[in-house]
Amino acid sequence: MRLIRTLDFMYNFMIKRMFSFSTSVILLFSFNLVFSCPDGWLSHRSSCYHFSHDKEAWANAVSLCQVLGGHLVEIEDATENSYLVSQAKLYSNSYWIGLNDLQEEGTWVWVNSNTMASFTNWTRGQPDNDVKNENCAIIQKGYNYLWNDGKCYTALNYICEKTAENVNIVG
């Protein structure tokens, strides 16, 4: 019985000490998770975006985004689209995005993930594949920054995307 009381005392003592120590640690340190993007990239939620200053054909834009460590942007929802449009308006340009129907006419897929778009923001009457040669998607300045299908060989600005790096800040 004495052994049980001794073990019980030691157990309670250790638990109280450990709790007290962990509480002290929590009070002394707080961790903040922030997302970091390289120079020349803008941060939004957990992604980084690069709005090009040069104009390229869509296929070249795909390649250049890969060289920069990302991919041509894949827009997943209205919030992301609104952010991108707000930035596009600041630069007053049209931009290539990663959506295309090059493999099968009318089946719009993202070039990086090869998945069909679950969110779109086409301008009225688009995509229309005008002159049977519009297979790449644009955030189009001339359509109030709604989406349009364009000729992939046209030189336009483009938006690259990559995942932001997690950075823990202790303070």
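Up top you'll find the structure we're talking about.
What you see is a predicted model; the values in this text were computed from it and never measured. (Residues numbered from 1 in each chain as written. Predicted model: local features only at pLDDT ≥ 70, side-chain atom pairs only at ≥ 80, totals over all residues. Heavy atoms only, no water.)

Draft legend 1. Examining the nonpolar core more closely. With 20 residues, the main nonpolar core has I75, L84, I97, L99, I139, W147 and I159 as its most contacted residues. Going through the elements one at a time, β3 (47–51), α3 (78–91), β5 (95–100) and β7 (136–140) are the ones with two or more residues in this core. For this core, the element with the most residues is α3, which contributes four residues. Discounting chain neighbours no more than four positions away, the residues touching L84 are Y49, F51, V73, I75, I139 and I159. (Core = buried A, V, L, I, M, F, W, Y, C linked by side-chain atoms within 4.5 Å. Buried < 20%, exposed > 50% of the residue type's maximum accessible area, 1.4 Å probe, protein only. Helix = DSSP H or I, 4+ residues; strand = E, 2+ residues; numbered from the N terminus. Contact = heavy atoms within 4.5 Å.)

Draft legend 2. Representation of helix α2 (residues 58–67) within the structure. Those residues of α2 not exposed but buried are W58, A61, V62 and C65. The arc that holds every buried residue of α2, seen down its axis, measures 105°, which confines them to one face. Taken together, the buried residues of α2 touch β4 (71–72), β5, β7 and β9 (157–163). Just beyond α2, the residue with positive phi is G69, at close to 90°. (Arc of directions from axis to C-beta.)

Draft legend 3. Summary view of the side chain of Q126. Take Q126: it is sitting in the loop between β6 (109–110) and β7. Residue Q126 is classed as buried on the basis of its relative accessible area, which comes to 15%. When residues no more than four places from it in sequence are discounted, the contact partners of Q126 are E134, Y143, W147, N148 and D149.

Draft legend 4. Examining α3 more closely. Taking 1.5 Å per residue, 14 residues should reach 20 Å; α3 reaches 20 Å between its end C-alpha atoms and fits that length. Those residues of α3 that sit buried are E80, N81, Y83, L84, V85, Q87 and A88. Where α3 is buried, its residues contact β2 (42–44), β3, β5, β7, β8 (146–150) and β9. Measuring from the backbone nitrogen of T79 back to the side-chain oxygen at the start of α3 gives 3.2 Å, which picks out D77 as the cap. Just downstream of α3 lies S92, where phi reads positive at about 55°. (Expected span 1.5 Å × (residues − 1). Polar contact = N/O pair within 3.5 Å; in protein donor to acceptor, adjacent residues only side chain to side chain.)

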